[in-house]
Amino acid sequence: DGGITQSPKYLFRKEGQNVTLSCEQNLNHDAMYWYRQDPGQGLRLIYYSQIVNDFQKGDIAEGYSVSREKKESFPLTVTSAQKNPTAFYLCASSMRGTGRDQPQHFGDGTRLSIL
Amino acid sequence: AQSVTQLGSHVSVSEGALVLLRCNYSSSVPPYLFWYVQYPNQGLQLLLKYTTGATLVKGINGFEAEFKKSETSFHLTKPSAHMSDAAEYFCAVPLNTGFQKLVFGTGTRLLVSP
């Protein structure tokens, strides 16, 4: 079955350390997204990518970086510059284009905590 | 700019009772609207979506939502709650850009008691 795979499910970061969250999809979707979820705040967009080798900052990009070298993969790096990284991170994908009726499909998330 | 407001961060119902989760939207253009459900420690799953046409939209797991333009609302309902419905529910609207960026509400946690 097609879907989005996020790994690891749980991740711990030490002070001053960069960590990378993996997101892989086999839905043949062009667009991919990273969200951060905190209790009571809904989902906030970190980065998004409409096509390979191109990505844009979302609403809360500071302290994060991404790459999009393959259509299937959109890894997120949480850098040491992100001072409050503890959150639930969700990756999503959708068909490309201007179709505002296209839903986003989500992975099962990675929970990042500070040691 | 497009936005959604979900009234009530928590809603409690008894098993078998009506479920009503509220969502009001703000949009300068005819909106598309989505409801997603999130079970603990999982991602979001699409429940239903409104695009055009019929204003009463049926989704999975017995949920439905009615688009009311005059009230700028898209409330989610289910006639009879089941214990398995306990989850967090998000309403979302895409921005009016050339790219499908979703704006999510802050979510409503549904609690179902026996």
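Residues numbered from 1 in each chain as written. Chains lettered and ligands numbered in written order. Predicted model: local features only at pLDDT ≥ 70, side-chain atom pairs only at ≥ 80, totals over all residues. Heavy atoms only, no water.

Undergrad: Let's hear about the state of the cysteines: which residues, and what values?
TA: All names here are of chain A. Scanning all chains against the criterion turns up two disulfides over all chains. The partner cysteine of Cys-23 in its disulfide is Cys-91, sulfur to sulfur 1.9 Å. Handedness of the Cys-23-Cys-91 disulfide follows from its S-S torsion of about -75°: it is left-handed. Of the two residues, Cys-23 sits in strand β3 (residues 19-25) while Cys-91 sits in strand β9 (residues 87-94), which places them 68 residues apart along the sequence. (Disulfide = S-S within 2.5 Å. Helix = DSSP H or I, 4+ residues; strand = E, 2+ residues; numbered from the N terminus.)

Undergrad: If you had to explain the nonpolar core to someone new, which residues and values would you point to?
TA: Ranked by internal contacts, the top residues of the largest apolar core, which has 26 residues, are Trp-35, Phe-74, Leu-76 and Tyr-89 of chain B. Listed by contribution, the elements that provide at least two residues to this core are β2 (10-14), β3 (19-21), β5 (33-38), β6 (44-50), β8 (64-68), β9 (73-78), β10 (87-94) and β12 (108-113) of chain B. The greatest single-element share of this core, amounting to four residues, is contributed by β10 of chain B. Not counting the four nearest positions on each side in its chain, Tyr-89 of chain B is found in contact with Gln-6, Leu-21, Trp-35, Tyr-36, Val-37, Leu-47, Phe-63, Leu-76, Gly-107, Thr-108 and Leu-110 of chain B. In terms of nonpolar packing, the next biggest core, distinct from the first, is built from 20 residues, Cys-23, Ile-60, Leu-76 and Leu-112 of chain A among them. (Core = buried A, V, L, I, M, F, W, Y, C linked by side-chain atoms within 4.5 Å. Buried < 20%, exposed > 50% of the residue type's maximum accessible area, 1.4 Å probe, protein only. Contact = heavy atoms within 4.5 Å.)

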